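Residue-level structural notes
Letter by letter, the chains look like this.
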Amino acid sequence: MRRREFTLLMAPSLLVMVGLLVVPLVRTIQWSFQKVQYGTPGEFIGLKNYSQALSDPRFGRAVLFTLLLTVVVTVAILVLGYLVATGMNGLGKLRPVVLGAMLVAYVLPNVVGAVSFSWLVDENFGGVVNYVIHALTGADVLWFTETWPNRILLIAHTVWHLLPFSMLMILAGLQGVPAELREAAKIDGATAWTTHRYVIIPTIRGVLGFVCLITIMDVLRTFDSLIPLSPQADAIGNESIMLYVFDVAFRNGSQQLGLGSAINVLSILLILACLFPFIRGLLKEAKAKA
Amino acid sequence: MIADTAKASTLPPRTSVKKPRRRRRNRGSRTAAVLLLLTSVLMLAPFIWTALSVTKPTDVAFANPPVLSGYTPTLQAFRDLWETTYFAQYLTNTLVVAVMSTVVALVIGIPAAYALSRSPGYVSAILLLLALVFRSLPRFSVVLPMYEISKALGIYDTTFALAAALVAINQPFTIWLLRNFFAEIPKELDEAAMIDGCTRVGMLYRVMIPLMRPGILTAGIFVFLFAFQEYLTALVLTDTSSKTVPVFITTQLGQTLPMLQQAGAAAMLLTLPVIAISFIAQKYLVAGLSEGSVKG
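Values in this document were obtained by computation on a predicted structure and should not be read as measured data. Counting of residues starts from 1 at the beginning of each chain's written sequence and follows it residue by residue. The order in which chains are written sets their letters, starting at A; the order in which ligands are written sets their numbers, starting at 1. Only residues with pLDDT of at least 70 get local features here, since the model is predicted, and only at 80 or more are side-chain atom pairs given and counted; chain-wide, interface and lining totals rely on the full set of residues. Side-chain descriptors were evaluated using all non-hydrogen atoms of the structure, hydrogens and water having been removed beforehand.

1. Side note on the overall build of chain B
Here is the rule we go by: Here a strand is any run of E in DSSP of at least two residues, a helix any run of H or I of at least four, and the numbering for each starts at the N terminus. For every residue, the accessible area (1.4 Å probe, protein chains only) is compared with the maximum for its type, and the residue is labelled buried under 20%, exposed over 50%, or partly exposed between those bounds. In this analysis, two residues are considered to be in contact whenever any of their non-hydrogen atoms come within 4.5 Å of each other. Shrake-Rupley sampling with a 1.4 Å probe provides the accessible areas, and residues are treated as covered by the protein chains on show and by no other component.
Assigned secondary structure in chain B consists of 15 helices and zero strands. Per-residue burial for chain B yields a buried fraction of 51% across its 296 residues. Within chain B, contacts between residues at least 6 apart in sequence are counted, and of these 77% link residues at least 24 apart. Counting every atom, chain B has about 13,800 Å² of accessible surface; 66% of that belongs to carbon and sulfur.

2. Describing the side chain of B:S136
The following threshold applies: For this analysis, a polar contact is any N or O atom pair within 3.5 Å, provided that within protein one partner can donate a hydrogen and the other can accept it, and provided that sequence-adjacent residues contribute only side-chain to side-chain pairs.
Along the chain, the position of B:S136 falls in helix α6 (residues 121-136). A residue is classified by how much of its surface remains accessible, and B:S136, at 1% relative accessible area, is buried. Here B:V133 takes part through its backbone oxygen, which lies 2.9 Å from a polar atom of the side chain of B:S136. In contact with B:S136, not counting residues within four places along its chain, are A:M217, A:R221, A:I271 and A:L275.

3. Regarding the interface of chain A and chain B
The test is simple: The quantity reported as buried area is the accessible area (1.4 Å probe) lost by two parts once they are put together, taken as the sum for both. Throughout this description, the term salt bridge denotes a Lys or Arg side-chain nitrogen within 4 Å of a carboxyl oxygen of Asp or Glu.
On the chain B side, the residues contacting the 93 residues of chain A number 92 residues. Summing the contributions of chain A and of chain B, the shared interface buries around 8,500 Å²; its carbon and sulfur component is 79%. For B:R200, the salt bridge is made with A:E5, and the minimal N-O distance between the two is 3.3 Å. Applying the counting rule to chain A against chain B returns 13 residue pairs in polar contact (both at pLDDT 80 or more).

4. Points about the environment of A:E146
One can find A:E146 in the loop between α6 (128-137) and α7 (147-175). For the pair A:E146 and A:L174, spaced 28 residues apart in sequence, the C-alpha to C-alpha distance is 40 Å.

5. Thoughts on empty space enclosed by the protein
Basically, it comes down to this: Of the grid points, spaced at 1 Å and generated over the protein atoms alone, those admitting a 1.4 Å probe that cannot get out make up cavities, while open sets with protein on both sides within 12 Å along at least five of seven lines make up pockets; any residue with an atom within 4 Å of a point is treated as lining. Grid points are joined across faces, edges and corners, and a volume is the space filled by probe spheres set on the points. Gly is put with the polar residues, along with every residue not named as nonpolar or charged; the nonpolar set is Ala, Val, Leu, Ile, Met, Phe, Trp, Tyr, Cys and Pro, and the charged set is Asp, Glu, Lys and Arg.
Tallied over the full model, the rule gives six cavities of 30 Å³ or more. Along the walls of the largest cavity sit 43 residues, with A:D218, A:R221, B:R135, B:F226 and B:Q229 positioned nearest its centre. Within the residue set of the lining of the largest cavity, elements represented by two or more residues are α4 (95-107), α7 and α10 (205-220) of chain A together with α6, α8 (159-182), α11 (213-229) and α15 (282-293) of chain B. In the lining of the largest cavity, the residues fall into 26 nonpolar, 11 polar and six charged. By volume, the second largest cavity is sized at about 50 Å³. Taken together, A:L21, B:F134, B:L137, B:R139, B:V142 and B:I169 form the lining of the second largest cavity.

6. Concerning the packing of helix α2 (residues 48-55) of chain A against helix α13 (residues 257-289) of chain A
Residue and element names in this part refer to chain A. This is how the line gets drawn: Where helices are involved, their axes are fitted lines through C-alpha atoms of the stretch in contact, as for all axes, and angles between N-to-C directions lie from 0 to 180°. If an angle is under 35 degrees, it is roughly parallel; if it is over 145, roughly antiparallel; if it lies from 65 to 115, roughly perpendicular; otherwise it is oblique.
The N-to-C vectors of α2 and α13 enclose an angle of 75 degrees; their axes lie 9 Å apart at closest approach. Taken together, α2 and α13 sit at an angle that is classed as roughly perpendicular. Along its contact with α2, which presents N49, Y50, Q52, A53 and L54, the element α13 presents G258, L259, A262, I263, V265 and L266. Split into classes, the residues belonging to the contact of α2 with α13 amount to eight nonpolar, three polar and no charged.

7. As for the packing of aromatic side chains
Using the following cut-off: Each aromatic pair joins two rings of Phe, Tyr and Trp (for Trp, the six-membered one) with centres within 6.5 Å, and gets the label stacked for planes under 30 degrees apart, edge-to-face for over 60, and tilted for any other angle. Note on criteria: charge over ring means Lys NZ or Arg CZ within 6 Å of the ring centre, with the direction from the centre no more than 35 degrees off the ring normal.
A full pass over the atoms with the stated rule returns 23 aromatic pairs over all chains. Taking 6.1 Å as the distance between ring centres and 35 degrees as the angle between the ring planes, the aromatic pair formed by A:F59 and A:Y244 counts as tilted. Of the two residues, A:F59 is situated in helix α3 (residues 57-89) and A:Y244 in helix α12 (residues 241-249); the sequence distance between them amounts to 185 residues. A:Y244 matches A:F59 in its accessibility class, with the two residues each being buried. Between B:F173 and B:F226, the ring centres sit 5.4 Å apart and the planes meet at 75 degrees, which makes this aromatic pair edge-to-face. On the criterion of sequence distance, the pair formed by B:F173 in helix α8 and B:F226 in helix α11 is long-range, its members being 53 residues apart. Judged by its relative accessible area of 23%, B:F226 is partly exposed. Joined through ring pairs, the aromatic side chains of A:W31, A:Y38, A:F223, A:F246, A:F250, B:F140, B:Y147, B:Y156 and B:Y231 make up one cluster. Of note, A:R197 hangs over the ring of A:Y198, and the distance from its end group to the ring centre comes to 4.7 Å. Positioned over the ring face of B:Y156 is B:K151, at 4.7 Å from the centre of the ring.

8. So, the nonpolar core
Where we set the bar: Throughout this description, the term nonpolar core refers to a set of buried Ala, Val, Leu, Ile, Met, Phe, Trp, Tyr and Cys residues connected via side-chain atoms within 4.5 Å.
Among the nonpolar cores identified, the biggest contains 177 residues, and A:M88, A:F223, B:F140, B:L144, B:F182 and B:I249 are the most heavily contacted of them. Each residue touching A:F223, except ones within four places of it in the same chain, is listed here: A:S240, A:M242, A:L243, A:F246, B:F140, B:Y231, B:L232 and B:L235.

9. Structural notes on the confidence of the model for chain A
In plain terms, the rule: The predictor attaches a confidence to each residue, and that confidence, scored 0 to 100, is pLDDT.
In the predicted model, chain A carries a mean pLDDT of 88, and 99% of its residues have values of at least 70. Here α13(A) stands out as the least confident element of chain A, with mean pLDDT 85; α3(A) is the most confident, with 94.

This is the structure we're talking about:
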């Protein structure tokens, strides 16, 4: 393909992405060094926003909580996703039905799913889960106002939302495992456990890594679900980094745009650090192909 | 084929071994099927509960312990939603934004994806990298500046601004997904068409796009869903006149009980088409998820 043709075909998309992604991103980096409000030119203050963010205990809490959520959800998603996908792989005619039912949680707007999810445990909405727990144990769980019950709720919701994706990816991986490999393992006398452990899981390692990566990325920027599921997030220590940015830089006319931008830049660095192994792999691959 | 015949010739008397194994397998897969059906009911539980709650009369809908029978189902919450709120407008906004961004994303994304699919291998690795990095970016780092820019341009709180923002945010993924579909069409076809006198662009529209129909449909469904799902961007870039349904639903929370029930009705109205999509367009969802991510 000639160079001119290539440029012509790429131009519209490039223009949109530079104008609406790169320019705003540069703006955020600029703002992070400024004391600034919407619509006014900022004043350069060096690294003050960064030192303010890093010394704010609320930022530390948000980072720790977000990392906790990420780790727990990622592990749960991989284990549950693998189990469900293995079951699905052996499923015949029922597969489209089960798949369809599961995909709903993934395809629906996350915030709407979270609202529906919250009603299962909301006393004001009949709270069927509370009712069952009370009937079984006599305990009343404060899902929205106590730290750990609220964390369990948030973890459950995030797993619920992301499980379909992980299951689907792993299922696609499982379908690529050659039948000969399973048969060979069986002939060699492998039990179900050893077959999974030493044959199937190593074969689909790539897919598992990818699911891991996407889950980490998605959970690190958790925001939507906290609005309905954790209305007092800050007070009970369950605030995510994104919610913290929202509070500082936008909600209720709050205008600490410089501070919010500094936190954004810091979280970009955090995300890049988490993605680093994967990025390195891709760059290596690119070099090999070039 | 070779593997098949080889297997057949090396496994002579199969019947005697096969029977018990199949029976055991059947029992195992039946248990698995029951467990999976239970899992899918669990996955749908929030919606089932919401559906029950919004069709109860308001006085029992919020009763604790929950009332499970002995009431007459009613659609009053839906009627109220339609009559006392601007739901119709919010729904229109959501659909307008989703359709606009889908059309624009495809019109500008198809040529780019095609160009990338015909360039050397390392370009695609870099593209995947960019798509991933932009996907993982904290939304606020682009959306807050967009807020300021849209105010400066006087397009804040318009469906246009929101659609433009969503096109940009999702474009790396859209291009990546489309590229993978284009990559499956052999290059020889381009050359044949161009020898027959097509220009590159003419060939793209006359030959490639008809061939790409499933791929384009898949990408279109995903862009549409992304726009339809978006909460954060809509929260920041809209106010009253172009508010979308997800934002509306959250503003109803913490208000009066009837308003809560209307929010539930709105959530139900949003869920039903999505359920339909995940059954009817399942093939495309599955294709999009696997093409869009695993293959490189």
